[in-house]
Amino acid sequence: MSSFRRAACVVLLRKNQGQSTEPYEVFLVKRNPHLHFMGGFHVFPGGTLDPEDSKIPVLGYHQAELRVAAARELFEETGILATHSPNRPSNEVSTTLRKELLKGKISFEQILHRYEMTISGKDFIDFGRWITPQFSPIRFDALYFAVLLPPNQTPSIVPGELIDGFWCTPQSALLGHQNSQYFITYPVLETLKIIRDCQGNLSQAGHQLCAKEPDAYPTAGGEMIRGVHILPLASSYPGPTHSTNTFILGEQDAVVVDPGTNTQVGSHSLIQYMKLMIHKGTTFRALWLTHSNPAHIAAAKALSIQFGLPIVAHPECAKRLPKEISINSFFNDGDSFVLQLDNTRAARWQVFHTPGISPGHVVFYEMNQKHLISGNTVISVPLREIQNKETDLNALKSSLNRLRKLPLGIIFPGHGPSIATGKQAISRMLANLVP
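Computed from a predicted structure; not experimentally measured.

Draft legend 1. Looking closely at the packing of aromatic side chains. Within this structure, the stated rule accounts for 13 aromatic pairs. One aromatic cluster is present, built from ring pairs that chain together Trp288, Phe331, Phe337 and Phe364.

Draft legend 2. Broad picture of the sheet that holds strand E18 (residues 346-353). The five strands lie next to each other as E17-E18-E19-E20-E21, forming an open sheet whose pairing is mixed. Only two strands of the sheet have a single partner each, and these edge strands are strand E17 (336-340) and strand E21 (411-413). Recorded for the sheet is a direction-independent mean angle of 25° between the axes of neighbouring strands. Where strand E19 (residues 362-366) and strand E20 (residues 372-375) come together, two bridges link them in antiparallel fashion.

Draft legend 3. Structural view of the pattern of salt bridges. Under the defined criterion, the tally for this structure stands at 17 salt bridges. In this structure, Asp342 engages Arg226 in a salt bridge whose closest nitrogen and oxygen atoms are separated by 2.6 Å. One end of the pair, Asp342, is in the loop between E17 and E18; the other, Arg226, is in the loop between strand E10 (222-225) and strand E11 (228-234), with 116 residues separating them in the sequence. One salt bridge connects Asp333 with Arg402, and the closest N-O pair in it is separated by 2.9 Å. With Asp333 in the loop between strand E16 (329-330) and E17 and Arg402 in helix H11 (residues 393-404), the pair connects residues that are 69 residues apart, well separated along the chain. Given a relative accessible area of 40%, Asp333 falls into the partly exposed group. One continuous salt-bridge network, built from bridges that share partners, spans Asp53, Arg72, Glu73 and Glu76.

Draft legend 4. Highlighting the nonpolar core. The biggest cluster of nonpolar side chains holds 90 residues, and the ones touching the most others in it are Phe108, Leu249 and Trp288. Excluding residues that lie within four positions of it along the chain, Phe108 makes contacts with Ile56, Val68, Ala71, Arg72, Phe75, Leu81, Leu101 and Ile119.

Draft legend 5. Just the layout of surface pockets, in detail. Counted as a void, the second largest pocket has a volume near 700 Å³. Lining the second largest pocket are 28 residues, with Lys193, Glu223, His229, Tyr273 and Lys280 sitting closest to its centre. Breaking the lining of the second largest pocket down by element, the ones donating at least two residues are helix H4 (170-178), helix H5 (186-197), E10 and helix H7 (264-279). Taken together, the residues of the lining of the second largest pocket break down into 11 nonpolar, 10 polar and seven charged.

Draft legend 6. View of unusual backbone geometry. Non-glycine residue Glu116 carries a positive phi angle of around 50°. With respect to the helices and strands, the residue Glu116 is situated in the loop between helix H3 (108-114) and strand E6 (119-120). For Glu116, a relative accessible area of 52% corresponds to the exposed category. Phi angles above zero are rare outside glycine, and Gln199 is one such case at about 50°. Here Gln199 is to be found in the loop between H5 and helix H6 (202-210). Residue Gln199 is classed as exposed on the basis of its relative accessible area of 64%.

Draft legend 7. Main features of the packing of H7 against helix H9 (residues 300-307). One way to put it is that H7 packs onto H9 with a least axis distance of 12 Å and a crossing angle of 30°. Here H7 runs over H9; the crossing is right-handed. Counted together, Leu270, Ile271, Met274, Lys275 and Ile278 of H7 and Leu303, Gln306 and Phe307 of H9 form the full contact between these two elements. When grouped by side-chain class, the residues that make up the contact of H7 with H9 number six nonpolar, one polar and one charged.

Draft legend 8. Quick look at the sheet that holds strand E12 (residues 243-250). Strand order in this open sheet of seven strands is E10-E11-E12-E13-E14-E15-E16, and the pairing throughout is mixed. Edge strands, defined here as strands with exactly one partner in the open sheet, are E10 and E16. Strand direction decides the pairing type here: strand E13 (residues 253-257) and strand E14 (residues 283-288), joined by five bridges, are parallel. Considered in E14, the bridge of Val256 is made with Leu287. The strands that H7 touches are E10, E11, E12, E13 and E14; relative to E11, the one it contacts most, it runs at about 160°.

Draft legend 9. Spotlight on the pairing of E10. As defined by bridge partners, E10 adjoins E11 across three bridges and the pair is classed as antiparallel. By the bridge assignment, Ile225 is partnered in E11 with Val228. The turn linking E10 back onto E11 is made up of two residues, and Gly227 within it adopts a positive phi angle of 85°.

Draft legend 10. The arrangement of the pairing of E14 in detail. As a crossover connection, the stretch from E13 through H7 into E14 is right-handed. Taken together, the two bridges between E14 and strand E15 (residues 311-313) define a ladder with parallel strand orientation. Counted as the bridge partner of Trp288 is Val312 from E15.

Draft legend 11. Region of the structure containing helix H2 (residues 91-102). Spanning 12 residues, H2 covers 16 Å between terminal C-alpha atoms, matching the ideal 16 Å at 1.5 Å per step. Every buried residue belonging to H2 is among Ser94, Leu97, Arg98 and Leu101, and all of these are buried. Taken down its axis, H2 places every buried residue within 105° of arc, on the same side. In the stretch just after H2, Gly104 is the one whose phi turns positive, near 80°.

Draft legend 12. Summary view of the environment of Leu28. Mapped onto the secondary structure, Leu28 falls in strand E2 (residues 24-31). Considered as a pair, Leu28 and Leu303 are 275 residues apart in the sequence and their alpha carbons are 40 Å apart. Contact partners of Leu28, with chain neighbours within four places excluded, come to Val43, Phe44, Asp164, Gly165, Phe166, Cys168, Ala173, Ile184 and Val188.

Calculation notes
Counting restarts for each chain, with residues numbered from 1 along the sequence as it is written. Totals for whole chains, interfaces and linings use every residue, but because this is a predicted model, local features are given only for residues with pLDDT of at least 70 and side-chain atom pairs only at 80 or more, for both listing and counting. Only hydrogens and water are set aside when side-chain values are computed; all heavy atoms of the structure are taken into account. Aromatic rings from Phe, Tyr and Trp, with only the six-membered ring used for Trp, were paired whenever their centres fell within 6.5 Å, and each pair was classed as stacked if the ring planes differed by under 30 degrees, edge-to-face if by over 60, and tilted otherwise. When DSSP finds two or more bridges between two strands, those strands count as paired. Where helices and strands are cited, they refer to DSSP runs of H or I of at least four residues and of E of at least two residues respectively, numbered from the N terminus. With axes taken as lines fitted to C-alpha atoms, and helix axes fitted only over the stretch in contact, angles between N-to-C directions fall between 0 and 180 degrees. In the sections that follow, a salt bridge refers to a side-chain nitrogen of Lys or Arg positioned within 4 Å of a carboxyl oxygen of Asp or Glu. Burial here depends on accessible area, computed with a 1.4 Å probe over protein chains only, as a share of the maximum for the residue type. Under 20% is buried, over 50% is exposed, and the range in between is partly exposed. Here, nonpolar core refers to any group of buried Ala, Val, Leu, Ile, Met, Phe, Trp, Tyr and Cys residues whose side-chain atoms link them within 4.5 Å. When checking whether two residues touch, look at their non-hydrogen atoms; a contact exists if any pair is within 4.5 Å. The distinction between a cavity and a pocket rests on a 1 Å grid over the protein atoms alone: a 1.4 Å probe fits inside a cavity but cannot get out, while a pocket stays open yet meets protein on both sides within 12 Å along at least five of seven lines, and a residue with an atom within 4 Å of a point counts as lining. Grid points are joined across faces, edges and corners, and a volume is the space filled by probe spheres set on the points. Polar here means any residue other than Ala, Val, Leu, Ile, Met, Phe, Trp, Tyr, Cys and Pro, which are nonpolar, and Asp, Glu, Lys and Arg, which are charged; Gly is therefore polar. Here a crossing is taken to be left-handed if its near helix is turned anticlockwise relative to the far helix by less than a right angle, and right-handed if that turn runs clockwise. The definition of a right-handed crossover adopted here requires that, viewed with the strands pointing away, the path from the first strand over the helix to the second runs clockwise. Any helix carries an expected span of 1.5 Å times its number of residues minus one. Each C-beta atom gives one direction from the helix axis, and the arc is the one those directions make.

Quick look at the structure:
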């Protein structure tokens, strides 16, 4: 597990210029799909703390280097100068300064000094603190700040780490995420929801967000998109991370995919999450297994008994399971299942047999929104860390090429973070296959 990186993110807001009744619009940026970490996701502008940030004073705040980081990152990523000065540089000069800053030809401190600009702490409204969960390959301890768009400035994107930026209301962003138009992470989703619910009262929104704990994920996991819940649960089995991603698919009807935790804490968290969903009206139908690796099946028997759920797997997977795990029915390539989300909407999941990591491996493809539960077939960790004696690289190559032909939304792997740019991830895996 990597150490935490201190970071700052800016919730840039302006008065709503559309037809919606929401008071504010927010500025979202889209990360380059080719980035290994969070490629293709929509986020708030921001980044990590620079050692130089601590050298810049902030009016009204002592040791406020993260506010400086927020101001610097906002300028680097959007061109917005959230500063005060009697002679702030023109937009044309700001554009030139931004390019020089990005190329390392000038520092942010030098820019502020040259134009006698200062940073006022009151311009950066505290908007909560988030620590990335354990399953993330890079972990951030990030402060969020709300900033109102300064007069006569317009954000813009310099192609590189970012490829797009746009204004939208919090509600339209949330709907876009639900409809798979945008891919938004949990902290950003929660921030958008609270801005919407507080109806423009930024002080109230900030108070609610700051009242959360730093690792304020309310349960062991959460709903990443409509009908896909991810729970990164602790596992002591050897593997690429200290956790395995268990998924719950559905809402009114639901299945559990890969209950692989073998720890008391992990099992308790999964059971409590299921009970919470049952309390809200969910009916669990089955346990689905992608493959037979111990880190993906450890809790299957206990969960099956406690909730009375049948276990479903591919026949080749069933041959490799411990005798105490009884398979009630089998997956075949091309099978499809309907899981009702509400009274009017359902998810349709199709089974693809994807041998390679193991002979009986399957993945689940949502036919409406094009999302993929990939087990260990498509994964964001190095392939060598999940290979075993049954791995057949030629079969894996064939499976990956088959999946690459599909329209793909988000890929949800068995370990590590979700992948918003599926075809690029599959191409990277293919390029790294050792003959």
